[in-house]
Amino acid sequence: LIPPTQPAGLSNVIRKKLMGYVGFANLPNQVHRKSVRKGFQFTAMVVGESGLGKSTLINTLFNTPLYPQKEPLPPAADRPKTVAIESIGADIEENGVRLHLTVVDTPGFGDFVNNDDSWKPIVENIESRFDSYLEQENRVNRTKIVDNRVHACLYFIQPTGHSLKQLDIEFMRRLHTKVNLIPIIAKADTMTDEEILEFKHRILSDIEHHNIHIFQAPTYDNEDEETIAEAEEIASKIPFAVVGSDKLVDTPDGRQVRGREYPWGVVEVDNEDHCDFVKLRQMLVRTYMEELREYTNDFLYENWRTEKLLSMGVAQDSSVFKEINPAARLQEERILHEAKLAKMEAEMKMVFQQKVQEKEAKLKQSEEELYARHKEMKDALEKQRADLEDKKRKIESGRPLTPEKSSTTRKKGFLQRT
Ligand code: GDP
């Protein structure tokens, strides 16, 4: 019997011990095999003023020259006046696992005299990716959905040591509900450890003051202590102070490392005592890539989708209701589809009416022209008839024709009469 407090539809769960082999313990392996076969898609966006080391860091993170060598920037007057959006795609593979990686770059961000609207094209780009996903979900056949949504946005903060700039705050405020924000202090090798700590502290209090939500590694109740400790360790490093370099350098103790060489020593990219690069990689790739994808789908996209549908007049219940009630989902899709059809119909009607109006105007014009020509001809004929009548009357009354008339006409008239 279902206890009265239990929601209808859920049966009572009884814990049972198995008597022997069943086989479902292999389920995680099945999932693993399937996802390895299908491969993964991940889209990361990088935002920050030019020269902050964005392309170098992406090359360092994925250990491959994704970004070709950059051309030096043209003089300010010749540069485009708006933020551009550029994507680079690459299929990379590690131990048989394939990853289709897309990096979305935003050249021009923060590079102008007036950067007030620098965030706009970026928000539009993120939303158009949501739009494209929603459109695919609403197709009749939705088995092959391509997920182009941005799963993480690495925001590069200039290593000034002060606090966040107005541009940084404005960007994060506009974007934090649409994308997983990961703030990064660029070129951390230009600051001392103490300066970095102080700077991190200021950045975090600015972020808190403006109620900006940045991505945090999630922890779940049933997780082991080690995983929770790892998540806490990563969280304690935000904003990540990173150093990028895709070049190998020799350390004084004879090792070859990825790093940057200075007269006083080598800054090692992969050394946790030197910078937070390893922790960033853990957050973005090694431990939480799937969480970033999931959070994008379950919260960021879902919220955006709800707002969008509501603004289109589709009443929507909670996502839980939708999940357990396919009829509600179908109904919602039907309404969305109908709204789309109605919009198309209205557009077609408008085009049709416009065409009809143009045709009518043309017809009216040629009618008026015809009428004018007709009137002209009629007047000319009328005049001719009046002349002839006049002539006839004169001939009949036997009066000689006026001197200006030709002699042949006169003769003809005489002959006709005899
Ligand atoms: P982007 O315009 O933001 O993509 O910047 P780039 O990756 O092209 O880097 C601009 C310059 O900064 C290059 O000369 C890089 O070698 C240098 N650079 C990149 N990362 C770092 C870093 O972590 N520290 C320092 N000091 N320089 C860096």
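This write-up is about the structure you can find in this document. Since this is a predicted model, take the numbers as computed values, not measurements.

Quick look at the overall build of the protein chain
Thought 1: Counting secondary structure elements, the protein chain contains eleven helices and nine strands.
Thought 2: Considering only contacts in the protein chain between residues 6 or more positions apart, those separated by 24 or more positions represent 66%.

Describing unusual backbone geometry
Thought 1: That bond from Ile 238 to Pro 239 is cis: its omega, -5°, falls within 30 degrees of zero.
Thought 2: The residue Pro 239 is located in the loop between helix 6 (225-237) and strand 6 (240-241) in this model.
Thought 3: Positioned with a positive phi, Asn 95 is a non-glycine residue whose angle comes to about 45°.
Thought 4: Here Asn 95 lies in the loop between strand 2 (86-94) and strand 3 (97-105).
Thought 5: Accessibility expressed as a relative area gives 79% for Asn 95, which makes it exposed.
Thought 6: Of note in this structure, Asn 211 is not a glycine but carries a positive phi near 55°.
Thought 7: Given the relative accessible area of 63%, Asn 211 is considered exposed.

Points about the sheet that holds strand 5 (residues 181-185)
Remark on secondary structure: sheet strands pair via backbone hydrogen bonds, oriented parallel or antiparallel.
Thought 1: With mixed pairing, six strands are arranged side by side in an open sheet as 2-3-1-4-5-6. Since the sheet does not close on itself, it has two edges, and those belong to strand 2 and strand 6, each with one partner.
Thought 2: As judged from the four bridges shared by strand 1 (residues 40-47) and strand 4 (residues 152-157), these two strands associate in the parallel manner. Bridging across to strand 4, Val 47 finds its partner in Tyr 155.
Thought 3: Each of strand 1, strand 3, strand 4 and strand 5 is contacted by helix 2 (residues 54-61), which is oriented at about 130° to strand 4, the strand it contacts most.

Section: the sheet that holds strand 7 (residues 248-250)
Thought 1: Across the sheet, which stays open at both edges, the three strands sit in the order 7-8-9 with antiparallel pairing between neighbours. The sheet is open, and its two edges are formed by strand 7 and strand 9 (265-268), each paired on a single side. Sheet twist, expressed as the average angle between the axes of neighbouring strands with direction ignored, equals 65°.
Thought 2: Pairing between strand 7 and strand 8 (residues 256-262): three bridges, direction antiparallel. Note that in strand 8 the partner of Leu 248 across the bridge is Arg 258.

Quick notes on the environment of Thr 306
Thought 1: In this structure, Thr 306 sits in helix 8 (residues 289-311).
Thought 2: In terms of polar contacts, Thr 306 uses its side chain to reach the backbone carbonyl oxygen of Glu 302, at 2.8 Å.

With respect to the packing of aromatic side chains
Thought 1: Inspection of the entire model under this criterion finds ten aromatic pairs.
Thought 2: Judged by centre distance (6.2 Å) and plane angle (70°), the rings of Phe 215 and Tyr 295 are edge-to-face. Of this pair, Phe 215 sits in the loop between helix 5 (193-209) and helix 6 while Tyr 295 sits in helix 8, placing them 80 residues apart in sequence.
Thought 3: Looking at Tyr 295, the relative accessible area reads 26%, which means it is partly exposed.
Thought 4: Ring centres of Tyr 262 and Trp 264 lie 4.9 Å apart, and the angle between their planes is 10°; on these two criteria the pair is classed as stacked.
Thought 5: With a relative accessible area of 26%, Tyr 262 lands in the partly exposed category.
Thought 6: Through a chain of ring-to-ring contacts, three or more aromatic side chains come together here, namely Phe 130, Tyr 133, Tyr 301 and Trp 304.

A few points about helix 5
Thought 1: Between its first and last C-alpha atoms helix 5 spans 24 Å; for 17 residues at 1.5 Å apiece the expected length is 24 Å, and the two agree.
Thought 2: Among all positions of helix 5, only Ile 196, Phe 199, Lys 200, Ile 203, Asp 206 and Ile 207 are buried. The buried residues of helix 5 occupy an angular sector of 130° when projected down its axis, which confines them to one face. Pointing more than 90 degrees away from the buried face of helix 5 are the exposed residues Glu 194, Leu 197, His 201, Glu 208 and His 209.
Thought 3: Considering only its buried residues, helix 5 is in contact with strand 4, helix 4 (166-175), strand 5, helix 6 and strand 6.

Things to note about the nonpolar core
Thought 1: Counting 76 residues, the largest nonpolar core has Leu 154 and Phe 171 as its most contacted members.
Thought 2: With seven residues, helix 3 (residues 119-137) is the single largest residue contributor to this core.

Here we look at a nonpolar patch on the surface
Thought 1: A cluster of nonpolar residues, Leu 18, Val 22, Phe 24 and Leu 27, forms a patch on the protein surface that exposes about 410 Å² of accessible area.
Thought 2: For Leu 18, the position within the fold is in the segment before helix 1 (27-38).

Remarks on the pairing of strand 9
Thought 1: Bridge count between strand 8 and strand 9: four bridges; the pairing is antiparallel. Its bridge partner lying in strand 9, Glu 261 is registered against Val 266.
Thought 2: The antiparallel hairpin formed by strand 8 and strand 9 contains two residues in its connecting segment.

Conventions and cut-offs
Residues numbered from 1 in each chain as written. Predicted model: local features only at pLDDT ≥ 70, side-chain atom pairs only at ≥ 80, totals over all residues. Heavy atoms only, no water. Helix = DSSP H or I, 4+ residues; strand = E, 2+ residues; numbered from the N terminus. Contact = heavy atoms within 4.5 Å. Buried < 20%, exposed > 50% of the residue type's maximum accessible area, 1.4 Å probe, protein only. Pairing = 2+ DSSP bridges. Axes fitted to C-alpha atoms, helices over the stretch in contact; angles between N-to-C directions. Polar contact = N/O pair within 3.5 Å; in protein donor to acceptor, adjacent residues only side chain to side chain. Phe/Tyr/Trp six-rings, centres within 6.5 Å; stacked < 30°, edge-to-face > 60°. Expected span 1.5 Å × (residues − 1). Arc of directions from axis to C-beta. Core = buried A, V, L, I, M, F, W, Y, C linked by side-chain atoms within 4.5 Å. Patch = residues over 30% accessible without salt bridge, like charges linked within 9 Å, V, L, I, M, F, W, Y side chains within 5 Å. Areas by Shrake-Rupley, 256 points an atom, 1.4 Å probe, with all protein chains shown as cover. Salt bridge = Lys/Arg side-chain N within 4 Å of Asp/Glu carboxyl O.

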